[in-house]
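Chain residues, written in single-letter form:
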Amino acid sequence: MIEVIFITSNEGKYREARAIGEKYGVEVNWMQVEYLEPQGTDLKEIAKKSAEILSEKIDSSFFIEDSGLFVEALNGFPGPYSSYVFKTIGNSGILKLMEGVENRNAYFMAVIAYWDGNKVWTFEGRVDGKIAKSARGDAGFGYDPIFEYEDKTFAEMGDEKNEYSHRRKALEKFFGWLSKR
Ligand code: IMP
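These numbers come from a predicted model, not from an experiment.

Peer 1: Go over the pattern of salt bridges with me, naming the residues and quoting the values.
Peer 2: Applying the stated rule across the entire model yields 13 salt bridges. The closest approach of N and O atoms between Arg-181 and Asp-116, which form a salt bridge, is 3.3 Å. Here Arg-181 is found in the segment after α7 (166-180), whereas its partner Asp-116 is found in the loop between β4 (105-115) and β5 (120-131), with 65 residues between them in sequence. By relative accessible area, Arg-181 is classed as exposed at 56%. Glu-156 is the partner of Arg-136 in a salt bridge, and the nearest nitrogen-oxygen pair spans 3.1 Å. One end of the pair, Arg-136, is in the loop between β5 and β6 (147-149); the other, Glu-156, is in helix α5 (residues 154-157), and 20 residues separate them in sequence. In this structure Glu-156 comes out as partly exposed when scored by relative accessible area, which is 34%.

Peer 1: How would you summarise the nonpolar core if you had to cite specific residues and measurements?
Peer 2: Formed by 17 residues in total, the largest nonpolar core has its most connected members in Val-4, Val-28, Phe-63, Phe-174 and Phe-175. At the level of elements, β1 (2-7), α1 (11-23), β2 (26-31), β4 and α7 are the ones that each hand at least two residues to this core. Counting residues per element, this core draws most heavily on α7, at 5 residues. With residues near it in sequence (within four places) discarded, Val-28 still touches Val-4, Phe-6, Tyr-14, Ala-17, Arg-18, Gly-21, Phe-63 and Phe-175. Val-85, Met-98, Ile-131 and Met-157 belong to the second-largest nonpolar core, a separate cluster that totals 16 residues.

Peer 1: Account for the site of the ligand, naming residues and giving values.
Peer 2: Neighbouring residues of the ligand: 15 residues in total, closest Lys-13, Ser-67, Asp-144, Lys-161 and Arg-167. Taking Tyr-143, its main chain carries an N or O atom lying 3.0 Å from a nitrogen atom of the ligand. Taking Lys-161, its side chain carries an N or O atom lying 2.8 Å from an oxygen atom of the ligand. At the level of secondary structure, the elements contributing two or more residues to the shell around the ligand comprise β3 (62-71), α3 (82-88) and α7. When residues in the shell around the ligand are grouped by element, the largest group, 3 residues, is from α3. Split by residue class, the shell around the ligand holds 4 nonpolar, 5 polar and 6 charged.

Thresholds, definitions, all that
- Residues numbered from 1 in each chain as written.
- Predicted model: local features only at pLDDT ≥ 70, side-chain atom pairs only at ≥ 80, totals over all residues.
- Heavy atoms only, no water.
- Salt bridge = Lys/Arg side-chain N within 4 Å of Asp/Glu carboxyl O.
- Helix = DSSP H or I, 4+ residues; strand = E, 2+ residues; numbered from the N terminus.
- Buried < 20%, exposed > 50% of the residue type's maximum accessible area, 1.4 Å probe, protein only.
- Core = buried A, V, L, I, M, F, W, Y, C linked by side-chain atoms within 4.5 Å.
- Contact = heavy atoms within 4.5 Å.
- Near = heavy atom within 4 Å.
- Polar contact = N/O pair within 3.5 Å; in protein donor to acceptor, adjacent residues only side chain to side chain.
- Nonpolar A, V, L, I, M, F, W, Y, C, P; charged D, E, K, R; others polar.

In structure tokens, the structure reads:
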């Protein structure tokens, strides 16, 4: 069994990664480390820089994940600011911004940055869906209740979300690569 450390303060992300890892024979272990996330407009750059900052504190290899919700009609907002926007205006704020807007297209994007002890490797995943008209479901976390994939929101799916999520796609690439090393 391959073991990897996932540094995140988000338990929801950790649970999802752990469940997906089990399918790939990878044991994901959770570590929480406080650090100041660098700001920027590009998820990949933010993830890469975060891993570099953390590599100065952590002796072993590890990975982090940075993700965001990108709404087409809002020109990609909240994107790299998803975490802050969730804490401030939340799902009801996004729904308000989308009132009367016909184009509901949105996607989640995840970038994994893996520090192997020497350098950072990145892996990306994306899932396309729509912003729901109202929040539905109580599983998952974050924007799950307002993100529709086909006819259900991610929060109405429970574990089924792990088959389609951006995080799953990024983790699949990462775990596949890791198991061939
Ligand atoms: P960060 O990657 O920790 O900076 O956070 C990104 C933000 O996007 C979090 O606050 C979550 O609320 C949101 N987010 C990321 N992935 C998901 C997901 O799978 N479902 C719902 N919200 C998500």
